[in-house]
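Chain residues, written in single-letter form:
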Amino acid sequence: MSAPIVQGWCPGAHRPMMSGDGLVVRVRPRLARLDADQALGLCDLADRFGNCSIDLTNRANLQLRGVEEHDHQALLKELAALNLLDAEPGIEVRRNILVTPLYQAGDLTARLTQELIDRLAELPTLPAKFGFAIDTGPERLLTLDSADIRLETSADGLILRADGCETGLSVTEADAIDRVIALATWFSENYTPEARRMARVVKALPQEWQGSAPGPVGAKPQPGPCGLGTLYGAAFGSLPARKLYDLIDDSGAAALRVTPWRMILLEGGAAIPAPEFVTDGSDPLMTTDACPGAPFCPQAQVETRDIARALASRVPGSLHVSGCAKGCARMGAADVTLIGHNGRFDLVNQGRAGDEPSQTGLTEETLLTMDFT
């Protein structure tokens, strides 16, 4: 079997990616938020143009899958009408911004994020997957999520931290985005084709960008009511479009906020029964990741989600089922990782897809009889 092809870029709206079931079209919500009309409209577009589901990615973006090539331009017009599309493709690809989702309207997180959005054109040319995190709530929530430049709280206020560094530079709100652009410029002048993420070049980072410790890390929110509304989990990050439409409508939510944790927050929405979504934080599906698998991804060697559902309650801790060695559904290590290989599975304990397996050539039948404790 040949090695999986690493594209080195993520799909967008203007630049979709072809997959096994059609185009993957990514929508990047501004401030991690779609108002109710936008969210309901996106559900309709998933039904009209896609495979009737919406993917929630680990970068807190939304994706439509199964879009026909001849429908792409019509879909773009509909996204633009919902104000979910940047008119300039070059701006869209720069808008890789993770936002701590529990912010209040108009607070520091919202102000910093909006200023960064407004100044994206000032950024230098950066690798396609380079991204930013605005993690400026009372506690940091995005430390395990993908970003290269992080704005975070500290004991003394704000810091700007390069990913991979334990400390950062103290900044103020007034100069924070200036400093973000300056650090991005340093990176653009120092990265190489082999090291296209900040964490791989921080050994060369001047000491002036370091020195101030970040604040405490908070516990990741769980499904259920919260101060802003109600959180719902999405198994494998898959949101059935029609069920999501009904949930938004029936709950009375004013908006949908996206997270990088396979959860959505219905802003102002009541907690109502939602059998198609995860409503219990102890549900093992919340610690189970699986990519779309075969036949939806041309590189996948196996079907993934049925076996992931079957094994979720049998695996203590986290489970990752990957269709190939790329491991797109989960960046970090899992307690148990299964990787598709020529129609069967390789097993990695306490590792990632692509790590050396401890067992190979496992069938679904064998996995369903194994003791993972």
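In case you missed it, the structure is sitting above this.
Here goes a summary of the coordinates provided. Predicted, not measured: the structure shown is a model, and the values here were computed from it. (Residues numbered from 1 in each chain as written. Predicted model: local features only at pLDDT ≥ 70, side-chain atom pairs only at ≥ 80, totals over all residues. Heavy atoms only, no water.)

What follows deals with the overall build of the chain. Within the chain one finds 8 helices and 20 strands. Counting only C-alpha atoms, the chain reaches 60 × 45 × 40 Å along its principal axes. With 373 residues in all, the chain has 53% of them scored as buried. Counting contacts in the chain only where the partners sit at least 6 residues apart, residues at least 24 apart contribute 61% of the total. Taken as a whole, the chain presents about 16200 Å² of accessible surface, with 49% of it coming from carbon and sulfur. When the 34 basic and 48 acidic side-chain charges of the chain are each reduced to a single mean position, those positions are 3 Å apart. (Helix = DSSP H or I, 4+ residues; strand = E, 2+ residues; numbered from the N terminus. Buried < 20%, exposed > 50% of the residue type's maximum accessible area, 1.4 Å probe, protein only. Contact = heavy atoms within 4.5 Å. Areas by Shrake-Rupley, 256 points an atom, 1.4 Å probe, with all protein chains shown as cover. Lys, Arg positive; Asp, Glu negative; His and termini not counted. Charge placed at Lys NZ, Arg CZ, Asp CG, Glu CD.)

Next up on the list: the environment of Leu102. Counting through the fold element by element, Leu102 comes out in the loop between β6 (97-99) and α4 (108-118). A sequence separation of 69 residues divides Leu102 from Arg33, and the C-alpha atoms of the two residues are 11 Å apart. Dropping the residues within four chain positions of it, Leu102 is found in contact with Leu141, Pro221, Leu228, Arg257 and Leu265.

By the definition in use, this model includes 20 salt bridges. Residues Arg119 and Glu115 are paired through a salt bridge, measuring 3.1 Å at the closest nitrogen-oxygen approach. A residue is classified by how much of its surface remains accessible, and Arg119, at 18% relative accessible area, is buried. Take Glu115: its relative accessible area is 24%, and that puts it in the partly exposed class. Between Arg197 and Asp148 there is a salt bridge, and its shortest N-O distance comes to 2.9 Å. Here the residue Arg197 occupies a position in the loop between α5 (176-190) and β11 (224-226), and Asp148 occupies one in the loop between β7 (132-135) and β8 (149-154), the gap between them amounting to 49 residues. Residue Arg197 is classed as partly exposed on the basis of its relative accessible area, which comes to 22%. (Salt bridge = Lys/Arg side-chain N within 4 Å of Asp/Glu carboxyl O.)

As a further point, take the pairing of β8. Most of β8 is tucked away: 6 of the 6 residues are buried. Burial along β8 is two-sided: the residues Ile149, Leu151 and Thr153 and Arg150, Glu152 and Ser154 are all buried. By the bridge criterion, 4 bridges tie β7 to β8 in an arrangement that is parallel. The residue bridging Phe132 from the neighbouring strand is Ile149, located in β8. Sheet topology note: the β8/strand β9 (residues 157-162) ladder contains 6 bridges and is antiparallel. Bridging across to β9, Leu151 finds its partner in Leu160. (Pairing = 2+ DSSP bridges.)

Inspection of every chain in the model, using the stated rule, returns 0 disulfides. No disulfide involves Cys297; its nearest neighbouring cysteine sulfur is the one of Cys324, lying 5.9 Å away. A disulfide-free cysteine, Cys324 has its sulfur positioned 5.9 Å from the sulfur of Cys328, the nearest such atom. Note on Cys324: relative accessible area 9%, which makes it buried. (Disulfide = S-S within 2.5 Å.)

So, about the environment of Val171. With respect to the element layout, Val171 can be found in strand β10 (residues 169-171). For the pair Val171 and Gly252, spaced 81 residues apart in the sequence, the C-alpha separation amounts to 39 Å. Every residue in contact with Val171, bar those within four places of it in the chain, is listed here: Leu151, Leu158, Ile159, Leu160, Ala176 and Arg179.

Put simply, Ala294 and Pro295 share a cis peptide bond, and its omega is 5 degrees. Phi is positive for Ala60, close to 60 degrees, though the residue is something other than glycine. One can find Ala60 in the loop between β4 (53-56) and β5 (62-67). A residue is classified by how much of its surface remains accessible, and Ala60, at 9% relative accessible area, is buried. Positive phi, normally seen in glycine, also occurs at Gln350, with a value near 55 degrees. Along the chain, the position of Gln350 falls in strand β19 (residues 344-351).

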